[in-house]
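Fold and contact review
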Amino acid sequence: NLSVSAQLAPDRSKLRVLVVNNRSVPANTTVTIAGWRAAARANLTTLSAPTLDAANPPAIPDLISPKSRLVAWRDDGACSFPPFSVSTIVLDAA
């Protein structure tokens, strides 16, 4: 199951979508945004781990850490979220 939350900036310039995938398999889904049009690119930050109880060992403190990247935002809202992950998508208005 996915848990999803969205917050629209008061001036409607940005939309932040938080997605939690607590399953052991990737989640392929569609994010539908009614009444607001997103730009073609989005900032995606994801924190994921191999298991729910994973931890960073002292020798590798950055093993499990957030990864950010610029991604293409599809008009159909198709997305994939890795297993055991928390992702934030920040979209600008078109």
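What to know about the overall build of the protein
Counting secondary structure elements, the protein contains zero helices and seven strands. Going from the N terminus to the C terminus, the protein shows its helices and strands as β-β-β-β-β-β-β. With the principal axes as the frame, the protein shows a C-alpha extent of 45 × 25 × 20 Å. Buried residues in the protein amount to 27% of all 94 residues. For the protein, restricting intrachain contacts to residue pairs at least 6 apart in sequence, the fraction spanning at least 24 positions comes to 70%. With the model as given, the accessible surface of the protein reaches about 6200 Å², and the carbon-plus-sulfur share is 55%. Taking the 9 positively charged and 6 negatively charged side chains of the protein as two groups, their mean positions are separated by 3 Å.

Details of the pairing of strand S4 (residues 38-48)
Bridging between S4 and strand S7 (residues 85-93) involves eight bridges; their strand directions are antiparallel. By the bridge assignment, Thr45 is partnered in S7 with Thr88. Two elements, S4 and strand S5 (residues 67-72), share six bridges in a ladder whose sense is antiparallel. What sits directly across from Thr46, in S5, is Lys67.

Regarding unusual backbone geometry
Positive phi, close to 65°, is recorded for Arg12, a residue that is not glycine. Of note, Arg12 is situated in the loop between strand S1 (2-8) and strand S2 (14-21). What makes Arg12 partly exposed here is its relative accessible area of 42%. Even without being glycine, Phe84 reaches a positive phi, approximately 45°.

Let's talk about the layout of surface pockets
Taken as a whole, the largest pocket encloses approximately 340 Å³ of empty space. Along the walls of the largest pocket sit 21 residues, with Leu44, Thr46, Arg69, Val71 and Ser80 positioned nearest its centre. Secondary structure elements with two or more residues in the lining of the largest pocket: S4, S5, strand S6 (78-81) and S7. Here the lining of the largest pocket gets five residues from one element, more than from any other, and that element is S4. Residues belonging to the lining of the largest pocket are distributed by class as follows: twelve nonpolar, six polar and three charged.

Reading the values: the criteria
Residues numbered from 1 in each chain as written. Predicted model: local features only at pLDDT ≥ 70, side-chain atom pairs only at ≥ 80, totals over all residues. Heavy atoms only, no water. Helix = DSSP H or I, 4+ residues; strand = E, 2+ residues; numbered from the N terminus. Buried < 20%, exposed > 50% of the residue type's maximum accessible area, 1.4 Å probe, protein only. Contact = heavy atoms within 4.5 Å. Areas by Shrake-Rupley, 256 points an atom, 1.4 Å probe, with all protein chains shown as cover. Lys, Arg positive; Asp, Glu negative; His and termini not counted. Charge placed at Lys NZ, Arg CZ, Asp CG, Glu CD. Pairing = 2+ DSSP bridges. 1 Å grid on protein atoms, 1.4 Å probe; cavity = no way out; pocket = protein on both sides within 12 Å on 5 of 7 lines; lining within 4 Å. Points joined across faces, edges and corners; volume = space filled by probe spheres on them. Nonpolar A, V, L, I, M, F, W, Y, C, P; charged D, E, K, R; others polar.

That's the geometry; what it means functionally is another story.
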